[in-house]
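This is what each chain is made of:
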Amino acid sequence: MAVQYLPGKEPHSRENRLIFKNIDRVGYDPSIECYLKDGGYEQMKAALKMEKSAIINEVKASGLRGRGGAGFPTGVKWGFIPPTNTKPVYLICNADESEPGTFKDRYILHQDPHQLIEGMAIACFAVNAKLAYIYIREEFPHAAKIVEKAIAEAKANGFLGKNILGTGFDCEIYVHRGAGAYICGEETGLIESLEGKRPYPRIKPPYFPAALGL
Ligand SMILES: Cc1cc2nc3c(=O)[nH]c(=O)nc-3n(C[C@H](O)[C@H](O)[C@H](O)COP(=O)(O)O)c2cc1C
């Protein structure tokens, strides 16, 4: 069945929406019931049965790129963490969206938060992270509430927390509210801010955040 969009919000006829496929869809809402009805968390169930290297290879092959501006290949970034790594790994979702006139994240936070949570849980599993943060800019109080509610729903349904879906995988996601500074969107400044410090960006190289982060 063709997906229907709200009147006046139809995507351009030649647009092939992937990440934004649920944005402005008729009858779509941010609840977990709606997401599950639409096949939500099935990708996560499948991923938890896969080898981690196979997940990373699939993400590489998909051509998925980051939304941070550089369009950096997502699977390549996930692959920066060596499987032999023994240090704790943290996943951070940059939802600072401070660039004036940028609207790449807020639609997802407002309208499709479970897609974000499912993606983060899969990413955590693939890179051996048990703890993840969503850094949301101060000016998005509504988005923070929606995402916090979605995290609670995901936990109540066994998609986050301890021993997820009986697989032994533990994963927690926390929302962290920024204080409202453009520079907090820069990844190393964001990490400093998350650590409770002033968001001075770190000098790189030598250490990129995938190797030395939070
Ligand atoms: C001054 C400055 C501000 C930035 N602000 C943001 C931002 O608000 N949101 C964002 O996603 N990336 C921002 N970035 C890019 C991040 O540093 C980083 O490259 C990005 O979070 C990586 O995203 P990805 O993992 O989706 O590729 C900013 C970079 C600079 C230099």
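Preceding this section is the structure that the text describes.
Note that this is a predicted model, so its numbers are computed, not measured. (Residues numbered from 1 in each chain as written. Predicted model: local features only at pLDDT ≥ 70, side-chain atom pairs only at ≥ 80, totals over all residues.)

Asks: What am I meant to see in the overall build of the protein here?
Replies: Broken down by element type, the protein carries 8 helices and 3 strands. Taking 2.2 N^0.38 as the reference for a compact globule, 214 residues should give roughly 17 Å; the C-alpha atoms of the protein span a radius of gyration of 17 Å, in line with that estimate. Across the 214 residues of the protein, 31% fall into the buried class. Taking all contacts inside the protein whose residues are at least 6 apart in sequence as the whole, residues at least 24 apart take part in 62%. (Helix = DSSP H or I, 4+ residues; strand = E, 2+ residues; numbered from the N terminus. Rg over C-alpha atoms; globule rule 2.2 N^0.38 Å. Buried ≥ 20, exposed ≤ 12 C-beta atoms within 10 Å, placed from the backbone. Contact = placed C-beta atoms within 7 Å.)

Asks: Explain the sheet that holds strand β3 (residues 172-177) to me, please; I cannot follow it from the model alone.
Replies: The strands making up a sheet associate through backbone hydrogen bonding, with each pair oriented either parallel or antiparallel. Pairing is parallel in the open sheet, where 3 strands are placed in the order β1-β2-β3. Lying at the two open borders of the sheet, with one neighbouring strand each, are β1 (90-95) and β3. Each strand axis lies, on average, 20° off the axis of its neighbour in the sheet, ignoring direction. Pairing of β1 with strand β2 (residues 131-136) involves 6 bridges; the strand directions are parallel. Bridge pairing in β2 places L91 opposite A132. Packed on one face of the sheet, helix α6 (residues 113-127) meets β1, β2 and β3 and runs near 150° to β1. (Pairing = 2+ DSSP bridges. Axes fitted to C-alpha atoms, helices over the stretch in contact; angles between N-to-C directions.)

Asks: Quick question: what am I supposed to make of the packing of helix α3 (residues 52-62) against α6 here?
Replies: In helix packing, the relevant descriptors are the interaxial angle and the interaxial distance, both defined with respect to the helix axes. For the pair α3 and α6, interaxial distance at closest approach is 8 Å and the crossing angle is 125°. Classified by the interaxial angle, the pair formed by α3 and α6 is oblique. Judged by the twist between their axes, the crossing of α3 over α6 is left-handed. Here K52, I55 and I56 of α3 come into contact with α6, specifically with I122, F125 and A126. Grouping the amino acids of the contact of α3 with α6 by side-chain chemistry returns 5 nonpolar, no polar and 1 charged. (Parallel < 35°, antiparallel > 145°, perpendicular 65-115°, else oblique. Left-handed = near helix turned anticlockwise from the far one by under 90°. Nonpolar A, V, L, I, M, F, W, Y, C, P; charged D, E, K, R; others polar.)

Asks: Can you help me understand the nonpolar core in this one?
Replies: Burial of nonpolar side chains together is a common tendency in soluble globular proteins. Counting 44 residues, the largest nonpolar core has M120, A121, C124 and A132 as the members making the most contacts within it. Looking at this core, the element that brings in the most residues is α6, giving 10 residues. Beyond its immediate chain neighbours, meaning those up to four positions away, C124 contacts L91, A129, K130, A132 and C171. (Core = buried A, V, L, I, M, F, W, Y, C linked by C-beta atoms within 7 Å.)

Asks: Any chance you could explain the environment of I203 here in plain terms?
Replies: Tracing the backbone through its elements, the reader meets I203 in the segment after α8 (187-194). C-alpha of I203 to C-alpha of M50: the two residues are 153 residues apart in sequence and 36 Å apart in space.

Asks: Would you take a moment to explain the pairing of β3 for this structure?
Replies: The two faces of the sheet receive side chains in turn, since in a regular strand these alternate between them. In this structure, β2 lies alongside β3, joined through 6 bridges in parallel fashion. Directly across from I136, in β3, lies its bridge partner R177. Viewed along the sheet, the connection from β2 through helix α7 (residues 141-156) into β3 turns out right-handed. (Right-handed = clockwise from strand over helix to strand, strands pointing away.)

Asks: Explain the packing of α6 against α7 here, please?
Replies: Where α6 meets α7, the closest approach of the two axes is 9 Å, and the angle between their N-to-C directions is 55°. Here α6 is positioned oblique relative to α7, judged by the angle of their axes. Where α6 crosses over α7, the handedness of that crossing is right-handed. For the pair α6 and α7, contact is made by P113, H114 and I117 and by I146, V147, A150, I151 and A154, respectively.

Asks: Mind showing me how you'd approach unusual backbone geometry here?
Replies: Both trends apply: most residues other than glycine have a negative phi, and most peptide bonds are in trans. In this structure, P205 follows K204 across a cis peptide bond, with omega equal to 0°. Of note, P205 is situated in the segment after α8. Positive phi, close to 35°, is recorded for E97, a residue that is not glycine. Within the fold, E97 resides in the loop between β1 and α5 (106-111). Overall, E97 belongs to the partly exposed group, with 18 C-beta atoms counted inside 10 Å.

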